[in-house]
Amino acid sequence: MRYPSGEDLRATFDRVSAANFCGVNGVVEIQGRQSGKRFLLSAMTHGNELSGLAAVHYLLNSPDLLDRLKGSIVVTINNLLAGRRYFEACTPEDKLLCRFVDHNMNRLPEWVLDLSKTTDKYEILRARRLAQIVSEVNFGLDLHSTRYPSPPLIIDIKGNDEDLDSLSDGIDIVDRIANIVSLAVGHSMGELYGGLDS
């Protein structure tokens, strides 16, 4: 399969954005032919990062891969509004500013899931909408792009070494970062995958 073009990525974004799973837009669940675990593939936690969207494009356009699927894959576009703004932006400078709307989804406040705290910040409201879906997965992979060239790396949020080793088997990972949660300010969206306390 060739690398997706800008038009391919926009079409994938539009397709997943229009989908609705459990009452939440921008979420698709792909069921395998056999039972198994539930895996989450999330893209565009930051609206100007397209690598996850390229992976979603590849997945949705690979029937042979889907025929071998055991369990299910839940696909999310985490930051729909920032992603939409990215595709509507006209200049590279404007696209760079589409990382988030109100709040970085990888710096969510400690109270993000506390519904007694009112907010109008788009990313916090979106995280709350996604929380129930992403908390019910067995594994989650939140794909990001970097601004500058870098080797592939994994940031292990949950510390599930055995799970991560089996999931990354066959992938040329150069760097692996662990224990980042203790250093981060607030919660990353990935911390919600499988439940905040898992």
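Data block above holds the structure.
Residues numbered from 1 in each chain as written. Predicted model: local features only at pLDDT ≥ 70, side-chain atom pairs only at ≥ 80, totals over all residues. Heavy atoms only, no water.

Undergrad: Any chance you could explain the side chain of T12 here in plain terms?
TA: Inspection of the secondary structure assignment puts T12 in helix α1 (residues 6-18). By relative accessible area, which is 4% here, T12 ends up buried. Reaching out from T12, the side chain makes a polar contact with the side chain of H57 at a distance of 2.9 Å. Look past the residues within four positions of T12 in its chain and what remains in contact with it is L53, V56, H57 and L60. (Helix = DSSP H or I, 4+ residues; strand = E, 2+ residues; numbered from the N terminus. Buried < 20%, exposed > 50% of the residue type's maximum accessible area, 1.4 Å probe, protein only. Polar contact = N/O pair within 3.5 Å; in protein donor to acceptor, adjacent residues only side chain to side chain. Contact = heavy atoms within 4.5 Å.)

Undergrad: Looking at this structure, how should I read a nonpolar patch on the surface?
TA: A surface patch of nonpolar side chains, about 320 Å² in accessible area, is lined by M1, Y58 and L65. Secondary-structure assignment places L65 in helix α3 (residues 63-67). Residue L65 is classed as partly exposed on the basis of its relative accessible area of 33%. (Patch = residues over 30% accessible without salt bridge, like charges linked within 9 Å, V, L, I, M, F, W, Y side chains within 5 Å. Areas by Shrake-Rupley, 256 points an atom, 1.4 Å probe, with all protein chains shown as cover. Salt bridge = Lys/Arg side-chain N within 4 Å of Asp/Glu carboxyl O.)

Undergrad: What exactly am I supposed to notice about the pairing of strand β4 (residues 34-43) here?
TA: Consecutive side chains of a regular strand alternate in pointing toward one face of the sheet and then the other. When β4 meets strand β5 (residues 70-77), the two strands line up parallel, connected through 7 bridges. Each bridged residue has a counterpart across the sheet, and for S42 the counterpart in β5 is T76. Relative to strand β6 (residues 139-142), β4 runs parallel, the two being bridged by 4 bridges. Its bridge partner lying in β6, S42 is registered against D142. (Pairing = 2+ DSSP bridges.)

Undergrad: For this particular structure, what's the right way to read the pattern of salt bridges?
TA: Side chains that differ in sign of charge can pair as their charged atoms come close. Evaluation of the coordinates by the stated rule reveals 6 salt bridges. For R10, the salt bridge identified is with D14, shortest N-O distance 3.1 Å. Remark: D14 and R10 occur in helix α1; sequence separation between them is 4 residues, near one turn of the helix. Each of E29, R38 and E136 takes part in one network of salt bridges that share partners.

Take it as geometry only, folks, not as evidence of what the structure does.
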